[in-house]
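Remarks on the overall topology
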Amino acid sequence: MAALLEGCFNLDTDEVCEIKPEDVKQELIQKYPVKVARKRAKQIVINKVDECGQVPEIQSNVRTIPGIITQRGCTYAGCKGVVLGPTRDIVNLTHGPIGCGFYSWLTRRNQTRPNGPDDHNFMTYCFSTDMQDEEIIFGGEKKLRQAIQEAYDIFKPKAISIFSTCPVGLIGDDVHQVAREMKEKLGINVFAFSCEGYKGVSQSAGHHIANNGIFTHVVGLDDTVREGKFKLNLLGEYNIGGDAFEIERIFEECGITLVSTFSGNSTIDQFANSHTADLNLIMCHRSINYVAEMMETKFGIPWIKVNFIGAEATAKSLRKIARYFEDQELMDKVEAVIAREMPAVEKVREEVKARCQGKLAMLFVGGSRAHHYQELFAEIGMETISAGYEFAHRDDYEGRRVLPNIKVDADSRNIEELEVHPDPTRFRPRKPAGDLARLQEQGFRFKDYDGMMAEMGDGKLVIDDISQYETEKLIEIYKPAIFCAGIKEKYAVQKSGIPMKQLHSYDSGGPYAAFRGAVNFYREIDRMVNSKVWSYLKPPWEKNPELAAKYAWD
Amino acid sequence: MSDYSSPYISTTNACKLCKPLGACLAFRGIEGAVPFLHGSQGCATYMRRYIISHFREPMDIASSSLGEKHAVYGGEANLRQGLQNVMKKFGARLVGVATTCLTETIGDDVPMILRTFKREMAEQGTAHQDLPAIVNVATPSYSGTHMEGFHAAVRAVVEQLAECPEDAGRSAAVNLLPGFTSPADVRYLQEIMADCGIPVIVLPDISETLDGPALDDYRKIPDGGTSLAEIARMGCSRATIELGRTLFGHESAGRLLETRFQVPLHRLGVPIGLRESDRLFEVLQLLAGVETPEKHVLERGRLIDAYVDGHKYTFGKGAVIYGEEDLVIGLTSFLLEIGVKPLLCASGGKSGRLREAIEDVNDSILPELPIIREGVDFYEIAEEAESLSPDLLLGHSKGYHLARRFRIPLIRVGFPIHDRFGGQRVLHLGYRGAQELFDRIVNALLDAKQEASPVGYGYM
Ligand code: SF4
Ligand code: SF4
């Protein structure tokens, strides 16, 4: 250990750290029992990008080892909390005992902006059937039916969705049948999700189940075609800290019409109408790519990967959109917006960069943010020395090119793959095939994502589903200037004397997306990594023992 | 309407948390302990997040991470593997295993699995001192709230670990079972006991484990907590003080110590406000055999002085109190002393004891009891409160929407507090806690008055 650390306390100087990633990896796994170590070795990878952009294989989306404290949540959390939660006008009813619902009660800080006082907003509510002994023994369908009726009587929502927690699957409640009955009875949309927590290895399974449900029960219900020349959907943007608001602002200035967002600041009507858009943008590839794929097959909407985290990335994404539409007016507008926004960004960036240059960051979070936020750090000269996702799959690390090679294990087979066909009347190619081919020839990439690793340098440690133990080790070895993860990791990291930024809830800060968001983030990181507070940890008499001795002597 | 009949089937905005969360909190107050949830990992992750957002401290909860296969065939293998990993990497001295709704529904026989596990570990030559103590508690959330989980875990710890060898005499120590209070409260109780010269074993002791100092080297398990040696000696203590009126008549940890080891039990309400604190000091005098130390007598005197000075601000105001039952009881008792009229006392818990306890603490101060509702959610609390026009709310952060709706101040107490800073340091208990609560209440009322004043007076 000591040898490993040598030469690394000098991070203040420009000297590159002498730590060898191979040694670090060894250090991380050597305390594990043999079997565990073998498994973890496949999930801890030293990055190397070859000349064709190929990266090493990393094992991911596999079960967490029991007793190892993980960042991951459950399928229910991914389905209810992540994907459906940010929609304001659906009554989200948790079918199960009270805890699961309580803990997913507006904890993600997804913001929403109702269109007036009469607009429904249930996001501050938490609905649950609060199962008791009787239901566990005799079944909970009756109570579920009554709860739906009650929610309808009191709130008159447009839609009610039902989320199953662990016990529901075991006692055999047929939530889908109840949903069908109540839909018939009440005349509103009622749909259910079999998203029992144990189903998948992480939240990720819940995302997939949510995608399937929303696609089956909502997308395509409303064929009204909205005004607008450049119509698109923004998928996988959940409006944490108001990110979606900032992106909406930019779109508006560019003359882009946002038909729907999945699912930040969203409504059920937007989902119902989303198939009328002409392009799908994907922010978080992990949580939502299924909807994009299904919409393409059924309705003919192409999708592209974008990233609005980072000022440069935002500019790049806007240009990509303009290029897709091949419209000079839009291209000009986009350029004008970028030119207008950038000076303010640059000014802060330069100022902050001077203080942050060369410092190390680590990011272990989610299924896309650990990648996206590397852009922001790079913009202020900080290096991401190690990163990994909490619930991503291989394609989010290695790029979609590995999709055909991903082994389907029992856990993935659990989650239904919907069979989708082109809609006989509503499938409409958004561009003539020739145009698409030409764009592609010119290097425009549809339905593609390179993943995190291709953009990280060689020798960086990529770690999937990092454990509490590995986190501590990593911090001990590298002493990074900042560590990014979620609230569960926050205080443990800070107890090691390292500032910790939450990238799930943003520590109640934000927005961090697009141009103004970038400025907010630069300032926030500057504040954190240049804070003096850590220097007060040792009292003066411990820092200068001779002083204490002197007092004693006097 | 009876206290617990609800016209509603569903629960909208619950005023309770789930059972294993309480158990994890209790285990966290034991030295070297790692709480462990037997179930799928989501529950552990959710609870960690919730506890952390209140205390702003690390909180590890291990999980057996069950999947679909285990939901069908049982979770034994995962539980065993999980325990081994926790032992290896955390060096835990105690693993507190609580079940979840999933494993309770499957019907895993956890005590049996643990017995086999311990036996096998011993057979494999794991030395006794390397094997952590393993305590288990059944915590299905479909019956009971986080408070039942908390008390069940404390009881399980005592039941499975407390001893008193035949030949051992009574020790000078007194067991103190404070229930779920804040770290600041526990620290203060310890100070009181020390001042009275009574050696004390507080179980659980979250004073440091959930409110620790900044460090530059992280410890996997925080310092502090009740030590296993102390717990083992609890059977020999000369008395137990157990706080919480809902526990009266229950098979609680205190009762167990009394029946199994003949440790005399003093049951008291949670000492909030003057009268309930007086009751605690009375017992302490008895146990210490000396008068209450001057320092605390002075604090008591200052509190009464404040009651007198502030009475004109508090008198005649009406309050809605919600949260854990024992907290509600204590706060109600306190409000009665300061002239604030409790209008509604509500809880998501339903021990069946709330009315009786409030009757007791009212002690004929009010001719008519406030409205008392057990097993309610915030939807019902709001409905009830609507016609009561309260001036003030007392409870945790989840009542914020009520405060916003009625445009009245919310005095944040208890758990969870995630929209204010310092929830772990809120002092509720004793004369000192009453003083702090009183100051906060008076100032909140003054603030509201000043805000509403068209002139903007500077003297209030
Ligand atoms: S399943 Fe039970 S133990 Fe788990 S979070 Fe839900 S209520 Fe709590
Ligand atoms: S019971 Fe299941 S659904 Fe509920 S929090 Fe736990 S793992 Fe998730």
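Residues numbered from 1 in each chain as written. Chains lettered and ligands numbered in written order. Predicted model: local features only at pLDDT ≥ 70, side-chain atom pairs only at ≥ 80, totals over all residues. Heavy atoms only, no water.

1. As for the state of the cysteines
Counted according to the given criterion, the structure contains one disulfide over all chains. A sulfur-sulfur distance of 2.3 Å marks the disulfide that ties Cys164 of chain B to Cys236 of chain B. Judged by the sign of its S-S torsion, about 115°, the cystine formed by Cys164 of chain B and Cys236 of chain B is right-handed. Here Cys164 of chain B is found in the loop between helix 7 (146–161) and strand 6 (174–177), whereas its partner Cys236 of chain B is found in the loop between helix 9 (228–233) and strand 8 (239–243), with 72 residues between them in sequence. Residue Cys236 of chain B is classed as buried on the basis of its relative accessible area, which comes to 9%. Looking at Cys195 of chain A, it has no disulfide partner, and the nearest cysteine sulfur is the one in Cys79 of chain A, 4.0 Å off. According to the relative accessible area criterion, Cys195 of chain A is buried, its value standing at 0%. (Disulfide = S-S within 2.5 Å. Helix = DSSP H or I, 4+ residues; strand = E, 2+ residues; numbered from the N terminus. Buried < 20%, exposed > 50% of the residue type's maximum accessible area, 1.4 Å probe, protein only.)

2. Observations regarding the site of ligand 2
In the neighbourhood of ligand 2, the contacting residues comprise Cys74, Tyr76, Cys100, Thr165, Cys166 and Gly197 of chain A together with Ser40, Gly42, Cys43 and Tyr46 of chain B. Those residues lying near ligand 2 are distributed over chains A and B. (Near = heavy atom within 4 Å.)

3. Some remarks on the pattern of salt bridges
Residues and elements named next belong to chain A. Counted under the stated rule, the structure contains 74 salt bridges over all chains. For Arg445, the salt bridge goes to Asp448, with nearest N and O atoms at 2.7 Å. Classification of Arg445 by relative accessible area gives partly exposed; the value is 37%. Here the salt bridges share partners, and the residues they tie into one network are Glu246, Arg249, Glu253, Arg340 and Glu341. (Salt bridge = Lys/Arg side-chain N within 4 Å of Asp/Glu carboxyl O.)

4. Focus: the site of ligand 1
All residues adjacent to ligand 1 are Pro97, Gly99, Cys100 and Tyr103 of chain A together with Cys18, Pro20, Cys43, Met47, Thr100, Cys101 and Ser141 of chain B. Ligand 1 sits at the junction of chains A and B, each of which supplies nearby residues. Contributions of two or more residues to the shell around ligand 1 are made by helix 5 (98–103) of chain A together with helix 2 (41–55) of chain B. Considering every element that reaches the shell around ligand 1, the biggest residue donor is helix 5 of chain A, with three residues. Split by residue class, the shell around ligand 1 holds eight nonpolar, three polar and no charged. (Nonpolar A, V, L, I, M, F, W, Y, C, P; charged D, E, K, R; others polar.)

5. Here's the deal with helix 15 (residues 378–386) of chain B
Helical geometry note: an α-helix holds 3.6 residues per turn, so side chains three or four residues apart project in the same direction. Taken residue by residue, helix 15 of chain B has Phe378, Glu380, Ile381, Ala382 and Ala385 of chain B as its buried positions. The backbone nitrogen of Tyr379 of chain B lies 3.1 Å from a side-chain oxygen of the residue at the head of helix 15 of chain B, namely Asp377 of chain B. (Polar contact = N/O pair within 3.5 Å; in protein donor to acceptor, adjacent residues only side chain to side chain.)

6. Here we look at the packing of helix 4 (residues 75–84) of chain A against helix 10 (residues 203–217) of chain A
Each pair of packed helices can be described by the angle between their axes along with the distance between the axes. All names here are of chain A. One way to put it is that helix 4 packs onto helix 10 with a least axis distance of 6 Å and a crossing angle of 55°. The angle between helix 4 and helix 10 places the two elements in the oblique class. Crossing of helix 4 over helix 10 shows right-handed handedness. Where helix 4 approaches helix 10, its residues Thr75, Ala77, Gly78, Cys79, Val82, Val83 and Leu84 are matched on the opposing element by Gln203, Ala205, Gly206, His207, Ile209, Ala210, Asn211 and Ile214. Here the residues of the contact of helix 4 with helix 10 are counted per class, giving nine nonpolar, six polar and no charged. (Axes fitted to C-alpha atoms, helices over the stretch in contact; angles between N-to-C directions. Parallel < 35°, antiparallel > 145°, perpendicular 65-115°, else oblique. Left-handed = near helix turned anticlockwise from the far one by under 90°. Contact = heavy atoms within 4.5 Å.)

7. Describing the interface of chain B and chain A
Contact with chain B, which involves 64 residues of that partner, is made by 67 residues of chain A. Taking both partners together, chain B and chain A bury about 5900 Å²; carbon and sulfur atoms supply 63% of that area. When the buried area of chain B at its contact with chain A is split by residue, Ile9, Tyr46 and Tyr142 of chain B rank highest and sum to 12% of it. Where chain B touches chain A, the interface holds three salt bridges. The salt bridge partner of Asp130 of chain A is Lys16 of chain B, with a shortest N-O separation of 2.7 Å. (Buried area = accessible area lost by both parts, 1.4 Å probe.)

8. Notes on the packing of helix 21 (residues 487–494) of chain A against helix 2 of chain B
It is at 8 Å that the axes of helix 21 of chain A and helix 2 of chain B come closest, and there the two elements cross at 55°. With respect to each other, helix 21 of chain A and helix 2 of chain B are oriented oblique. Viewed along their axes, helix 21 of chain A and helix 2 of chain B form a crossing whose handedness is left-handed. Contacts between helix 21 of chain A and helix 2 of chain B pair Ile487, Lys488 and Tyr491 of chain A from the former with Thr45, Arg48, Arg49, Ile52 and Ser53 of chain B from the latter.

9. Let's talk about the packing of aromatic side chains
Counted according to the given criterion, the structure contains 38 aromatic pairs over all chains. With 5.7 Å between their ring centres and 25° between their planes, Phe364 of chain A and Phe483 of chain A make a pair best called stacked. Taken together, the residues span a long stretch of sequence, with Phe364 of chain A in strand 10 (residues 360–364) and Phe483 of chain A in strand 13 (residues 482–485) at a distance of 119 residues. Between the aromatic rings of Phe180 of chain B and Phe415 of chain B, the centroid separation amounts to 5.4 Å while the plane-to-plane angle is 65°, which identifies the pairing as edge-to-face. Of the two residues, Phe180 of chain B is situated in the loop between strand 6 and helix 8 (183–195) and Phe415 of chain B in the loop between strand 14 (410–412) and helix 17 (430–452); the sequence distance between them amounts to 235 residues. Like Phe180 of chain B, the residue Phe415 of chain B is buried in the burial classification. (Phe/Tyr/Trp six-rings, centres within 6.5 Å; stacked < 30°, edge-to-face > 60°.)

10. Some remarks on unusual backbone geometry
For the bond from Phe262 of chain A to Ser263 of chain A, the omega torsion is 0°, close enough to zero to count as cis. Turning to its location among the elements, Ser263 of chain A is positioned in strand 7 (residues 257–263). Note that the residue after Phe415 of chain B, namely Pro416 of chain B, is joined by a cis bond; omega there is 0°. Its place among the elements puts Pro416 of chain B in the loop between strand 14 and helix 17. The backbone of Asn239 of chain A shows a phi angle near 60°, a positive value even though the residue is not glycine. With respect to the element layout, Asn239 of chain A can be found in the loop between strand 6 (231–237) and helix 11 (243–254). At Ser508 of chain A, a position not held by glycine, the phi torsion is positive, near 65°. Note that Ser508 of chain A resides in the loop between strand 14 (500–502) and helix 22 (514–529).

11. Some words on the domain arrangement of chain B
Residue and element names in this part refer to chain B. Here the domain parsing of chain B yields domain 1 (19–161), domain 2 (174–212 + 220–288) and domain 3 (294–452). Placing the centre of domain 1 and that of domain 3 at their C-alpha centroids yields a distance of 35 Å. Every contact between the two is made by 11 residues of domain 1 and, on the other side, 14 residues of domain 3. Here domain 1 meets domain 3 over a buried area of about 1100 Å², counting both sides, of which 59% is carbon and sulfur. (Domains from an automatic or database assignment.)

12. Comments concerning helix 9 (residues 175–186) of chain A
Residues and elements named next belong to chain A. Compared with an ideal rise of 1.5 Å per residue, which puts 12 residues at 16 Å, helix 9 spans 16 Å between its outermost C-alpha atoms and is within 8% of the ideal. Those residues of helix 9 lying buried are Val175, Val178, Ala179, Met182 and Leu186. Around the axis of helix 9, the buried residues are gathered within 100° of arc, so they sit on the same side. Residues of helix 9 that are buried make contact with strand 2 (90–95), helix 7 (141–155), strand 4 (159–164), helix 8 (166–171) and strand 5 (189–193). Two residues or fewer past helix 9, Gly187 is found with a positive phi of approximately 70°. (Expected span 1.5 Å × (residues − 1). Arc of directions from axis to C-beta.)

13. Some details on the pairing of strand 10 (residues 318–322) of chain B
All names here are of chain B. Among the five residues that make up strand 10, five are buried, leaving the element largely enclosed by the rest of the structure. Here strand 10 shows no split at all, with Gly318, Val320 and Tyr322 on one side and Ala319 and Ile321 on the other all buried. Sheet topology note: the strand 10/strand 11 (residues 341–346) ladder contains five bridges and is parallel. Bridge assignment links Ile321 to a residue of strand 11, and that residue is Cys345. For the segment spanning strand 10, helix 13 (residues 325–337) and strand 11, crossover handedness is right-handed. The pairing of strand 10 with strand 13 (residues 392–395) spans three bridges and is parallel. Counterpart to Ala319 in the pairing with strand 13 is Leu392. (Pairing = 2+ DSSP bridges. Right-handed = clockwise from strand over helix to strand, strands pointing away.)

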